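# Examining the three-dimensional arrangement
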Amino acid sequence: FVDLEFEPEQFPGAFLRLGKTVVTIYKSGKFLITGAKSIEEVNETLNLVKDTFSKVIDTTLCSKPQIVNMVCSSNVMPIRNIQHLYVQMTKINLDVSYEPETSHLLILKTSDCTYCLNPSGKYNIYGCNSMDSVLKAEQYFVRLLSSLQ
């Protein structure tokens, strides 16, 4: 049983739900895999996509997926004063934004990725394209927070 949703009036792609992952497939043949928790899960999902469509397309023509944006989540200790942290980051010329009237998140942009920090200590890292870059980004962020608090 395949869970496929396609409503072209609302969105130009089809959604294929495979367990906890969702594959968005476009007319161009490009697709996005979301919800995977590991590289292995991405590969498993790709194999399921190939199996699902093997009766209607030549799946040997499918190229290996390219990871362009990993989204990672982690935690640090709760931030007692996120406004103070924002001021400290601006003093060292970081590309940081914090607008408590519209959002409780502090957003830090670097050349490699973007960090979204919640006062609870939960944070997301966006834009990494490998596990190595994720680990480097996380180390940088934790060190930065430790040095500023």
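These remarks concern the structure in this document. (Residues numbered from 1 in each chain as written. Predicted model: local features only at pLDDT ≥ 70, side-chain atom pairs only at ≥ 80, totals over all residues. Heavy atoms only, no water.)

### Notes on the pairing of strand S8 (residues 114-117)
Two elements, strand S7 (residues 106-109) and S8, share four bridges in a ladder whose sense is antiparallel. Note that in S8 the partner of Ile107 across the bridge is Cys116. Taken together, S7 and the strand that follows it, S8, pair antiparallel across an intervening segment of four residues. Relative to strand S9 (residues 122-128), S8 runs antiparallel, the two being bridged by four bridges. Within the sheet, the bridge partner assigned to Cys116 lies in S9 and is Asn124. (Pairing = 2+ DSSP bridges. Helix = DSSP H or I, 4+ residues; strand = E, 2+ residues; numbered from the N terminus.)

### With respect to the pattern of salt bridges
Under the criterion given, the structure shown has two salt bridges. For the salt bridge of Glu5 with Arg17, the shortest nitrogen-to-oxygen distance reads 3.1 Å. Taken together, the residues Glu5 in strand S1 (residues 3-6) and Arg17 in strand S2 (residues 13-18) connect sequence positions 12 residues apart. Judged by its relative accessible area of 31%, Glu5 falls in the partly exposed class. Taking relative accessible area as the criterion, Arg17 reaches 33% and is therefore assigned partly exposed. (Salt bridge = Lys/Arg side-chain N within 4 Å of Asp/Glu carboxyl O. Buried < 20%, exposed > 50% of the residue type's maximum accessible area, 1.4 Å probe, protein only.)

### A short note on the pairing of strand S3 (residues 21-26)
Two strands pair when backbone bridges link them, and S2 and S3 are joined in this way by six bridges, in the antiparallel orientation. What sits directly across from Phe15, in S3, is Thr24. The antiparallel pairing of S2 with S3 creates a hairpin that spans two residues between the two strands, and Gly19 there sits at a positive phi of about 65°. Relative to strand S4 (residues 31-34), S3 is paired through four bridges, and the arrangement is antiparallel. If you follow Val22 over to S4, its bridge partner there is Thr34. Here S3 folds back onto S4, and the loop between the two strands holds four residues, one of which, Gly29, carries a positive phi near 100°.

Coordinates in, geometry out; function isn't part of it.
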